[in-house]
Amino acid sequence: MRLAAIDIGTNSVHMIVVRVRADFSFEVIDREKEMVRLGAGGLDGRQLTRQAMTATLQALSKFERIARSHQVDEILAAATSATREAENGGELLGAIERQTGIKPRVITGTEEARLIHRAAVYGVDTPKPAVVIDIGGGSVEVTLGAGDEVRFARSFKLGAIRLTERFVTADPLPRRDERKMLAYIGSQVDRYLDHIVAAGYDRVIGTSGTILSLGTIASAVDRGAAPSEIRNLRVPAKAIRRVRKMVCDLPIQQRLEMPAMDPRRADLSVAGAVLLDALLRRLGAKEITLCDLALREGLVIDFI
């Protein structure tokens, strides 16, 4: 059996095409990604912009052709924060189905968190309790669980695009805006993270483009070169803290010159770094383990 799984996110649209093996494991045979910034300007109940919707439709039309070329048996698609919040999210879903035949389902933040957790522990393969953090454009998901059993799962409206639009008013980031962002993050997550700390965990796993980008930068700054493999790469929390200070202190032109900085994420790296560092601090984590599996792999695992 072959499956395609598509994550229609707030920042990017991702697709993997997989071959399911006889033992119900799977291998990825193709992957695609387009950064469409679907949620830019359209979060908190506002309207998705025509430009963002057009870019998303173009990406999904391309994905559908690629999936069909692989003769997939099923296309699984999930839409997250941007689509579920937008006033015209239903309009986008209708256009996707008419133009591509793909029928995305809008999933709740809790369901998104559960699927991400399943993918992360599948990728890192740890039987012990783990915290999984996924920072998207519109939301951040934080879970605690061992194996497939998810004990805590929450989604917070604290994504990199959302925090950037709300708090990043100048470049470099003024200290007062950084303090405001930190206070707001704390007001949303502190009580929940306290429950996780009280329950106990073995490690923190980080997924998503924002975390993988920050972890890669931190590793490149420490080692002088970007790592060749990121899955299971352990990054000290102190290294993330150093990256946070660097991206907050530098204007965007200098951030672009940082080792391993993705130019498409340079503007969002400030809010992403502040958020990730704040979460690790509150958890008391010494390090974070990177994992390149996330929602799309979670969709596949759940389907299988």
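These remarks concern the structure in this document. Per chain, residue numbering runs from 1 following the sequence as it is written. This being a predicted model, a pLDDT of at least 70 is required before a residue's local features are given, and a value of 80 or more before pairs of side-chain atoms are given or counted; all residues contribute to the totals for chains, interfaces and linings. Hydrogens and water molecules were not included; the side-chain quantities draw on all heavy atoms of the structure.

1. Overview of the overall build of the protein
Segments assigned H or I by DSSP are reported as helices when at least four residues long, segments assigned E as strands when at least two residues long, and all are numbered from the N terminus. Helix and strand content of the protein: 11 helices and 11 strands. Atoms counted for the radius of gyration: C-alpha only. Globule rule: 2.2 Å times residue count to the power 0.38. The C-alpha atoms of the protein give a radius of gyration of 18 Å, which matches the 19 Å a tight globule of 304 residues would have. In terms of its C-alpha atoms, the protein occupies a principal-axis envelope of roughly 50 × 45 × 40 Å. Only protein chains enter the accessibility calculation, which uses a 1.4 Å probe; a residue whose area is less than 20% of its type maximum is buried, one above 50% is exposed, and one in between is partly exposed. When burial is assessed residue by residue, the protein has 55% of its 304 residues classed as buried.

2. Description of a nonpolar patch on the surface
A contiguous nonpolar patch, built from M1, F24, F303 and I304 and spanning about 410 Å² of accessible area, is present on the exposed surface. Its place among the elements puts F24 in the loop between β2 (12–20) and β3 (26–35). Residues qualify for a patch when their relative accessible area is over 30% and they have no salt bridge, like charges being joined within 9 Å and the nonpolar side chains of Val, Leu, Ile, Met, Phe, Trp and Tyr within 5 Å. Each accessible area value is a Shrake-Rupley result obtained with a 1.4 Å probe; residue values ignore everything except the protein chains displayed when judging cover. Between Lys or Arg on one side and Asp or Glu on the other, a salt bridge is scored when a side-chain nitrogen of the former is within 4 Å of a carboxyl oxygen of the latter.

3. Regarding helix α6 (residues 175–199)
Helix length check: α6 (25 residues) gives 34 Å between terminal C-alpha atoms against 36 Å at 1.5 Å per residue, within 8%. Across the chain, bend at a residue is computed as the angle between axes fitted to the seven residues ending at that point and the seven starting from it. The sharpest bend along α6 reaches about 50 degrees and sits at V189. Backbone geometry just after α6 places G200 at a positive phi near 90 degrees. The span you would expect from a helix comes to 1.5 Å times its residue count less one.

4. Section: the pairing of strand β8 (residues 149–156)
Bridging between strand β7 (residues 140–146) and β8 involves 7 bridges; their strand directions are antiparallel. Paired with V142 across the bridge in β8 is R154. What sits between the antiparallel neighbours β7 and β8 is a turn of 2 residues, in which G147 has the positive phi angle 60 degrees. Strand pairing follows a simple DSSP-based rule, namely that at least 2 bridges must link the two strands.

5. What to know about the environment of G101
Inspection of the secondary structure puts G101 in the loop between α3 (89–100) and β5 (105–106). Taking C-alpha positions, G101 is 37 Å from A130, a pair spaced 29 residues apart along the chain.

6. Quick word on the packing of helix α7 (residues 209–223) against helix α8 (residues 237–249)
Look at α7 against α8: their axes get within 9 Å of each other, and the N-to-C directions meet at 95 degrees. By the angle between their directions, the pair α7 and α8 is classed as roughly perpendicular. Contacts from L214, G215, I217, A218, V221 and D222 of α7 reach α8 at A239, I240, R242, V243 and M246. Axis lines are fitted to C-alpha atoms, over the contacting stretch for helices. Their N-to-C directions set the angle, which ranges from 0 to 180 degrees. Angles are sorted into four bins: roughly parallel if under 35 degrees, roughly antiparallel if over 145, roughly perpendicular if 65 to 115, and oblique for all others. By definition in these notes, contact holds between two residues if any of their heavy atoms fall within 4.5 Å.

7. Observations regarding the packing of α6 against α8
Contact geometry for α6 and α8: axes closest at 11 Å, N-to-C directions at 135 degrees. Between α6 and α8, the crossing angle belongs to the class labelled oblique. Seen along the crossing, α6 lies across α8 with a hand that is right-handed. Residues R175, E178 and L182 of α6 pack against R244, C248 and D249 of α8. The classification used treats Ala, Val, Leu, Ile, Met, Phe, Trp, Tyr, Cys and Pro as nonpolar, Asp, Glu, Lys and Arg as charged, and all other residues, Gly among them, as polar. Class assignment for the residues of the contact of α6 with α8 results in 2 nonpolar, no polar and 4 charged. Crossing handedness: left-handed means the near helix sits turned counterclockwise from the far one by under a right angle, and right-handed means the same turn made clockwise.

8. Some words on the sheet that holds β3
With mixed pairing, the 5 strands of this open sheet are ordered in space as β3-β2-β1-β4-β5. Since the sheet does not close on itself, it has two edges, and those belong to β3 and β5, each with one partner. In this structure, β2 lies alongside β3, joined through 9 bridges in antiparallel fashion. Paired with V18 across the bridge in β3 is V28.

9. Here we look at the packing of aromatic side chains
Any two aromatic rings considered together are summarised by their centre-to-centre distance and by the angle between their planes. The criterion for an aromatic pair is that two Phe, Tyr or Trp rings (for Trp, the six-membered ring) have centres within 6.5 Å, with stacked assigned to planes under 30 degrees apart, edge-to-face to planes over 60 apart and tilted to the rest. For the structure on display, the rule yields 4 aromatic pairs. Both rings, one in F26 and one in Y122, keep their centres 5.2 Å apart while their planes meet at 10 degrees; by these two values the pair is stacked. Pair noted here: F26 is in strand β3 and Y122 is in helix α4 (residues 109–124), with a separation of 96 residues, a long-range link. Judged by its relative accessible area of 9%, F26 is buried.

10. Some details on the pattern of salt bridges
This structure, assessed with the given rule, holds 32 salt bridges. Its salt-bridge partner being R37, residue D267 comes within 3.0 Å of it at the nearest N-O pair. Taken together, the residues D267 in the loop between α9 (252–255) and α10 (269–283) and R37 in the loop between β3 and α1 (50–69) connect sequence positions 230 residues apart. Classification of R37 as partly exposed rests on a relative accessible area of 23%. In this structure, a network of salt bridges that share partners links the residues R175, E178, R241, R244, K245, D249, D277 and R281.

11. Observations regarding the layout of surface pockets
Taken as a whole, the largest pocket spans an internal volume of roughly 590 Å³. Both cavities and pockets are sets of points on a 1 Å grid over the protein atoms alone; in a cavity a 1.4 Å probe fits but cannot get out, in a pocket the set is open with protein on both sides within 12 Å along at least five of seven lines, and lining residues sit with an atom within 4 Å of a point. Lining the largest pocket are 35 residues, and of these H14, S208, G209, R265 and R296 sit closest to its centre. Where the lining of the largest pocket is concerned, the elements lending two or more residues are β2, β3, α4, β6 (130–135), α7 and α11 (295–303). Residue contributions to the lining of the largest pocket peak at 5 residues, all from α7. Residues that form the lining of the largest pocket fall into these classes: 8 nonpolar, 17 polar and 10 charged. Grid points are joined across faces, edges and corners, and a volume is the space filled by probe spheres set on the points.

12. Describing the side chain of S12
For S12, the location among the structural elements is in strand β2. Among the residues examined, S12 registers a relative accessible area of 5% and is labelled buried. Apart from the residues lying within four places of it in its own chain, the contact partners of S12 are D7, K33, E34, M35, V36 and R265.

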